[in-house]
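Secondary and tertiary structure notes
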Amino acid sequence: MALTGSLVFAVLSAALSSFIFGYNIGVINAPRAVVGQWLRDVKCRRAGGEPNVTLNDLWCTSYPENQTSTRMFSDNPELQTLWSLVSSIFALGALLSAVTLTYFVNRFGRRGTLLINNITAVIGSVCMCVSYYADSFELLIIGRVIIGLNAGINSGAPPMYLTEIAPDDLRGAIGTVHQVVCVMGVFISQILGLPQILGGPRGWPFLFGFSLVPAVLQLATLLFCPESPRHLYLNRHEVEQARKALEFFQAPADVEKQMSDMESDYDKSKDLPRVTIVDLFRDRFLRRVIIICMMVMLSQQFSGNPCSQTMCWEYRDGITRTKAKI
């Protein structure tokens, strides 16, 4: 099967969501000291003081330059708590949206979900950027929650779309694009977070708001790409639309074979019972698969190895196809 230009275009466009996902995972690390100082300044001004001038106040006291990044947190437990909230609230937002992923991708489609999800990327980025000028750490926290909602959807929708538009012999390679671009997003967030670039006292709002760029770029490009052919055929049973999507993504010689495969999968799916989350744990075979994937994903959080998510996607897809045949 040939790699067509339109397929490459769609992959690059969809991968922008993977970039946003990775970028917002890593962006919070580098500017910890400058954002912490900004939080102190906001609290100091709200208390009627003047930053680095008013004495005998934990929020306003000036520290020696080589001790600022450590002492302002160690001397002020409330600041440490506030920073922890700014940092960790992202994960709460991601958790809330991740549990709705199935509803969105089935209701709006894979492509539709990616497009809709850019709304949260735009709003979250604007909130975080504007928080500096509004002198409001509450707005920064709100922005982190919203961008977390974006991340929860982007953790699953991009690889789903990528694997479903890919030809069979390229599915594994294209499926890894999500994690590769995700890691690139983390890497670029660390580079941009350097004090010499956007990690300084006046640059960090633009560092946090940078996700606006790939979000707008994806809105401008993914609109020209069709929905996933498998979603159109298997979920909506829009046969002609699925054929047109295949003709966009794949070479003409491969379209008929893919249509035949999807027709076979559709016929099999009609005889399969609807499986819920609870059923995954009731079935002994599926329960073992879920536990294995959960342990691999848990190990990722402790080791920082992003390859484990791709392994789980590939393992899950392989097991699902095997179970369907059984």
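Going along each chain's sequence as written, the residues are numbered from 1 onward. The predicted nature of this model means local features are confined to residues of pLDDT at least 70 and side-chain atom pairs, given and counted, to a pLDDT of 80 or more, with totals for whole chains, interfaces and linings taken over all residues. Note that the side-chain values use all heavy atoms of the structure and ignore hydrogens as well as water.

All right, on to the pattern of salt bridges then. By definition here, a salt bridge exists when the distance from a side-chain nitrogen of Lys or Arg to a carboxyl oxygen of Asp or Glu is within 4 Å. Counted under the stated rule, the structure contains nine salt bridges. Here Asp-75 ties to Arg-71 by a salt bridge, and the two come within 3.3 Å at their closest N and O atoms. Summary of the burial criterion: residues with accessible area below 20% of their type's maximum are buried, those above 50% are exposed, and those between are partly exposed, where the area comes from a 1.4 Å probe applied to protein chains only. Judged by its relative accessible area of 29%, Asp-75 falls in the partly exposed class. Judged by its relative accessible area of 33%, Arg-71 is partly exposed. Across the salt bridge formed by Glu-164 and Arg-110, the nearest N and O atoms sit 3.0 Å from each other. Here Arg-110 lies in helix H6 (residues 110–134) and Glu-164 lies in helix H8 (residues 157–165), a separation of 54 residues in the sequence. Using a relative accessible area of 14% as the deciding quantity, one classes Glu-164 as buried. The structure contains a network of salt bridges with shared partners spanning Asp-168, Arg-171, Lys-257 and Asp-261. What counts as a helix is a DSSP run of H or I of at least four residues, what counts as a strand is a run of E of at least two, and both are numbered from the N terminus.

Below, the discussion takes up the layout of surface pockets. With a 1 Å grid spanning the protein atoms alone, the term cavity applies to any set of points in which a 1.4 Å probe fits but cannot get out, the term pocket to an open set with protein on both sides within 12 Å along at least five of seven lines, and the term lining residue to any residue with an atom within 4 Å of a point. Grid points are joined across faces, edges and corners, and a volume is the space filled by probe spheres set on the points. As a volume, the second largest pocket reaches approximately 170 Å³. Lining the second largest pocket are Val-34, Gln-37, Trp-38, Asp-41, Arg-45, Tyr-132, Pro-201, Arg-202 and Trp-204. For this scheme, ten residues count as nonpolar: Ala, Val, Leu, Ile, Met, Phe, Trp, Tyr, Cys and Pro. Four count as charged, namely Asp, Glu, Lys and Arg, and the remainder, Gly too, count as polar. Of the residues belonging to the lining of the second largest pocket, the class tally is five nonpolar, one polar and three charged.

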